[in-house]
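A structural walkthrough
Okay, here's what each chain looks like letter by letter:
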Amino acid sequence: AVRGLEAMEIEVACDRLLLGMQHVNLITDQAESIIRLCLERALAHAQRVYMDPTAVLRAAYGGVPAREDNVPIFLTGLAGVGKSRVRLSIQRILAGRDHVFVDEAHPRVPLIEYADCKIGQQSSVLEVLRPLAKPEIAAGRVRVKRSEISSKCADWQRVVGCCLLGLDETQFMAQSDTASTLITRTLLAVAEVGLPWFCIANYSLVWKLLARPSEAVQRLLGHPIVVLPDSPNSEDWRALMKELDVVLEEVCEFKILDRSIEMWSLCAGLKRQLVKLLVHGYCIARHSGIARVNWNHILLAVHSAVFSAP
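Values in this document were obtained by computation on a predicted structure and should not be read as measured data. (Residues numbered from 1 in each chain as written. Predicted model: local features only at pLDDT ≥ 70, side-chain atom pairs only at ≥ 80, totals over all residues. Heavy atoms only, no water.)

**A look at the packing of aromatic side chains**
- All told, the structure shown has 2 aromatic pairs when counted by the stated rule.
- Here Y114 and F198 contribute two aromatic rings whose centre-to-centre distance is 6.3 Å and whose plane-to-plane angle is 10°, an arrangement assigned as stacked. With Y114 in strand β4 (residues 114-118) and F198 in strand β6 (residues 197-201), this pair connects stretches of sequence that are 84 residues apart. Here the two residues Y114 and F198 agree in accessibility, since each one is buried.
- Ring geometry for F254 versus W295: centroids 5.5 Å apart, planes at 90°, classification edge-to-face. Here W295 lies in helix α14 (residues 295-302) and F254 lies in the loop between α11 (235-247) and α12 (260-267), a separation of 41 residues in the sequence.
- Of the residues examined, F254 reaches a relative accessible area of 14% and is grouped as buried.
- The exposure class of W295 is buried, given its relative accessible area of 14%. (Phe/Tyr/Trp six-rings, centres within 6.5 Å; stacked < 30°, edge-to-face > 60°. Helix = DSSP H or I, 4+ residues; strand = E, 2+ residues; numbered from the N terminus. Buried < 20%, exposed > 50% of the residue type's maximum accessible area, 1.4 Å probe, protein only.)

**Section: helix α8 (residues 180-191)**
- Taking 1.5 Å per residue, 12 residues should reach 16 Å; α8 reaches 17 Å between its end C-alpha atoms and fits that length.
- Those residues of α8 lying buried are S180, I183, T184, T186, L187, A189, V190 and A191. (Expected span 1.5 Å × (residues − 1).)

**Things to note about the sheet that holds β4**
- Taken in spatial order, the 5 strands of this open sheet run β4-β5-β6-β1-β7, and their pairing is parallel. Every interior strand has two partners, whereas the edge strands, β4 and β7 (224-226), have only one. For this sheet, the mean inter-axis angle between neighbouring strands, taken without regard to orientation, is 20°.
- Relative to β6, strand β1 (residues 73-76) runs parallel, the two being bridged by 4 bridges. Bridge pairing links T76 to A201 in β6. (Pairing = 2+ DSSP bridges. Axes fitted to C-alpha atoms, helices over the stretch in contact; angles between N-to-C directions.)

**Overview of the nonpolar core**
- Of all hydrophobic cores here, the largest spans 37 residues; its most connected members are F74, L129, I149, L165, L167, L187 and W197.
- Residue assignment for this core shows that the elements contributing at least two residues are β4, α5 (125-129), α7 (146-159), β5 (164-168), α8, β6 and α9 (203-210).
- Broken down by element, this core gets its largest block of residues, 5 residues, from α8.
- Not counting residues within four places of it along the chain, the set of residues in contact with L129 comprises I149, S150, C153, A189, V190 and V193.
- Residues M241, V247, V275 and L277 belong to the second largest nonpolar core, which totals 36 residues. (Core = buried A, V, L, I, M, F, W, Y, C linked by side-chain atoms within 4.5 Å. Contact = heavy atoms within 4.5 Å.)

**Considerations on unusual backbone geometry**
- With a phi angle near 60°, A268 is a residue other than glycine that sits in the positive phi range.
- Relative to the assigned elements, A268 resides in the loop between α12 and α13 (271-287).
- We classify A268 as partly exposed; its relative accessible area is 37%.

**Describing the layout of surface pockets**
- Size it by volume and the largest pocket reaches roughly 820 Å³.
- Lining the largest pocket are 41 residues; nearest its centre among them are G80, G82, S84, R85 and R272.
- Every element with two or more residues in the lining of the largest pocket is listed here: α1 (10-22), α2 (29-49), α4 (83-93), β6, α11 and α13.
- At 7 residues, α4 tops the list of elements feeding residues into the lining of the largest pocket. (1 Å grid on protein atoms, 1.4 Å probe; cavity = no way out; pocket = protein on both sides within 12 Å on 5 of 7 lines; lining within 4 Å. Points joined across faces, edges and corners; volume = space filled by probe spheres on them.)

**Focus on empty space enclosed by the protein**
- Per the stated rule, a full pass over the model turns up 1 cavity of 30 Å³ or more.
- The calculated volume of the largest cavity comes to roughly 30 Å³.
- Considering the residues around the largest cavity, the lining is formed by H45, V64, A154, R158, V193, G194 and L195.
- Looking at the lining of the largest cavity, its residues break down into 4 nonpolar, 2 polar and 1 charged. (Nonpolar A, V, L, I, M, F, W, Y, C, P; charged D, E, K, R; others polar.)

Below, the structure is given as structure tokens:
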């Protein structure tokens, strides 16, 4: 529960409320099936690549052969539906960080189960992939060519034992009308790292990729999964309402669970918009001199300019 908001300035309280609701992370049936799929692909990779104890040394000295069939699990769906929550959940599951002693002639190497890659505002293939290479390349102390970066990353990821790669925030690189070539080149370069991987993207990026040559479409969109909002009558949606009732215990005059269908209708089941709606409803209540949100404040929030774009 988020407590003591009444004594805080309005924007401070709103920020605390936002963070409190963002901490809620429920594994739904849909998310579980996606996570299992990713983990089982990682397991298949581990059993194939690391069955031989000398595989790491061979990779360190001889490099890693590229796989032509490295098709990602391509997660798409509406903005705010919870795609990135799948990535964050996998981060928590595969959070092991250890070191492995190879032999007397080699230093200890880190053992990393999962590699996380966010495109964000990066503007080139090199900038995106450099963090996946060995430390001196990742830090920029050693320069490599763009044509070499995928193989350098593949070598290092094989050495550290990584078995799964997640790619997110692709929409920022794909925002301009001329970005299709760059984002396609970047995704194909990630595929050449040779790890089982999943990519998170909004519909707009999917449309851009569908307009690319068929070879790129087949390699990148061979396994799409559309992430949908939970049904308003599902146990997963009701479970989320119960958790939010805990967080908002001191803030709401009504039980969110009792209004679960109406809440779904106001935000179309998109969790990001649900959080935004509740925070703005609280903000309206505080500005009117009331410490607790009632249903009228939620309706005012829906019809406000702040919520007009959603």
